[in-house]
Amino acid sequence: MPCIEPLAPGEIRDPELRALIERCERLGVPDSLFPRILARVPDYAKALLRAMLISHTEGNVDHKLKEIIRIQLARRAADPYFAGLRSARAMADGLDEAAIAAGCDDYERSPRFSEAEKWALRYADQMYLDPASVDAAFYAGMKQHYSEAQIMELGAFIALHYGMQVFMRTLGNGAPPAEKN
Amino acid sequence: MATDPAAVGQEFYAGLRRYYSAAEIVELGSFIGFNLGFHTFFGTLKFYPMFAPDGRLVNQQESARIYGDAPASLVGAGRG
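Predicted model only: the values in this text are computed from it and were never measured.

Enquirer: Is there a simple way to think about the nonpolar core in this case?
Expert: The nonpolar side chains of a soluble globular protein tend to be buried, and buried together. Residue and element names in this part refer to chain A. The biggest cluster of nonpolar side chains holds 58 residues, and the ones touching the most others in it are Leu38, Ile69, Tyr123, Ala124 and Ile158. If you tally residues by element for this core, the top one is helix α10 (residues 148–170), at 10 residues. In contact with Ala124, other than residues within four places in its own chain, are Ile69, Gln72, Leu73 and Ile158.

Written out as structure tokens, the structure is:
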């Protein structure tokens with residue numbers, strides 16, 4: 001059980017929040033557990049869930065690549081909850097566990113990823129491991145493959161999801177839906 | 001949460017609950033998580049406040065000189 005108990009679905013009466021939770025459940029990321037914990041602060045929950053959904057599913061960077069990045073970050077944050085979730089849309093679009101494993105492992109040497117994809121994976125990897133290495137030269141390299149708008153999209157996605165993963169990790173939810181390695 | 005998330009477990013939350021409601025703890029935790037994620041990202045972008053402490057609008061080079069390349073050290077923070 002998480003350190004903060006989630007609200008029961010029936011306790012969440014705000015229709016906007018309920019609709020956002022349903023969207024999360026359809027996507028599978030997050031499932032309803034994290035939203036029902038956030039729902040203890042409904043205005044925060046609405047803002048954060050909307051931002052999580054938009055940053056993950058909208059924009060001009062491939063959703064499957066973002067899903068690999070999200071799982072890589074969750075493993076980095078040591079959060080079994082978010083690491084165990086999978087985007088139903090990404091999986092329906094062809095993402096598989098082998099690609100996820102490759103993105104979380106030695107992606108630099110993997111033939112599976114393009115140079116652009118490696119830059120995105122590196123961006124997430126280095127952001128919290130070694131932020132000092134994400135400097136002007138790093139951004140210059142990224143700009144060879146991504147527009148500034150896409151870099152902001154990736155950066156904000158990484159920052160928001162990693163922040164929520166660290167928070168969730170501390171809640172020690174301990175109900176990992178069998179992380180697929 | 002920022003420096004030792006493994007230390008923020010059941011016992012830590014039990015301590016927090018003596019002073020804060022569940023809603024307040026979620027408010028704090030999500031606020032901290034959000035800031036933890038974004039400040040690291042912002043730090044890589046190297047941007048500085050638009051205004052000097054005296055209220056003047058300054059360019060980024062001058063602002064970097066005023067505010068410094070790195071925030072003040074946190075060494076010693078949190079040690080009772």
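Enquirer: When you look at the packing of helix α4 (residues 63–76) of chain A against α10(A) in this model, what are you seeing that I'm missing?
Expert: Each pair of packed helices gets described by two things: the angle between the helix axes and the distance between those axes. Residue and element names in this part refer to chain A. Interhelical geometry of α4 versus α10 gives an angle of 35° and a closest axis separation of 9 Å. Between α4 and α10 lies a crossing whose hand is right-handed. Where α4 abuts α10, its residues Lys66, Ile69, Arg70, Leu73 and Ala74 lie against Phe157, Ile158, His161, Tyr162 and Gln165. Residue composition of the contact of α4 with α10, by class: six nonpolar, two polar and two charged.

Enquirer: What am I meant to see in the packing of α4(A) against helix α8 (residues 115–129) of chain A here?
Expert: All names here are of chain A. Between α4 and α8, whose axes approach to 10 Å, the crossing angle comes to 25°. In terms of their interaxial angle, α4 and α8 are classed as roughly parallel. Our pair here, α4 against α8, has a crossing hand that is right-handed. Along the contact surface, α4 presents Leu65, Ile69, Gln72, Leu73 and Arg76, while α8 presents Glu117, Ala120, Leu121, Ala124, Asp125 and Tyr128. Residues belonging to the contact of α4 with α8 are distributed by class as follows: seven nonpolar, one polar and three charged.

Enquirer: How do you make sense of helix α2 (residues 22–45) of chain B when you look at a structure like this?
Expert: What sets the pattern is the α-helix's 3.6 residues per turn: residues three or four places apart point alike. For α2(B), which comprises 24 residues, the first-to-last C-alpha distance of 35 Å matches the rise-based estimate of 34 Å (1.5 Å per residue) to within 8%. Burial in α2(B) covers these residues: B:Ile25, B:Val26, B:Gly29, B:Ser30, B:Gly33, B:Leu36, B:Gly37 and B:Phe41. Residues of α2(B) that are buried in the fold lie against α2 (33–38), α3 (42–57), α8 and α10 of chain A together with α1 (10–17) of chain B. Once α2(B) finishes, B:Lys46 follows within two positions and takes phi at roughly 55°, a positive value.

Enquirer: For this particular structure, what's the right way to read the interface of chain A and chain B?
Expert: Size of an interface, as often reported, equals the accessible area lost when the parts are brought together. In this assembly, 24 residues from chain A lie in contact with 23 residues from chain B. Residue assignment for the side of chain A that touches chain B shows that the elements contributing at least two residues are α2, α3, α8 and α10 of chain A. The residue inventory of the side of chain A that touches chain B, partitioned by class, reads 18 nonpolar, four polar and two charged.

Criteria and cut-off values
Positions within a chain are numbered from 1, following the residues in the order the chain's sequence is written. Lettering of chains starts at A and numbering of ligands starts at 1, both following the order in which they are written. Totals for whole chains, interfaces and linings use every residue, but because this is a predicted model, local features are given only for residues with pLDDT of at least 70 and side-chain atom pairs only at 80 or more, for both listing and counting. Nonpolar core, as used here: buried Ala, Val, Leu, Ile, Met, Phe, Trp, Tyr and Cys residues forming one set through C-beta atoms within 7 Å. Any residue with 12 or fewer other C-beta atoms within 10 Å of its own C-beta is exposed, any with 20 or more is buried, and the rest are partly exposed; the C-beta atoms used are placed from the backbone. A run of H or I in DSSP counts as a helix once it spans at least four residues, and a run of E counts as a strand once it spans at least two, with each numbered from the N terminus. Each residue gets a C-beta atom placed from its backbone, and two residues are in contact if those atoms lie within 7 Å. Here an axis means a line fitted to C-alpha atoms, over the contact stretch when the element is a helix, while the angle between two N-to-C directions is reported on a 0 to 180 degree scale. For any helix crossing, the convention is left-handed if the near helix is rotated counterclockwise from the far helix by under a right angle, and right-handed if that rotation is clockwise. Throughout this entry, Asp, Glu, Lys and Arg are counted as charged residues, while Ala, Val, Leu, Ile, Met, Phe, Trp, Tyr, Cys and Pro are counted as nonpolar. The remaining residues, Gly among them, count as polar. Geometric relationships in this document are graded by angle, where less than 35 degrees denotes roughly parallel, more than 145 denotes roughly antiparallel, 65 to 115 denotes roughly perpendicular, and other angles denote oblique. Here a helix's expected span is defined as the number of its residues, less one, multiplied by 1.5 Å.

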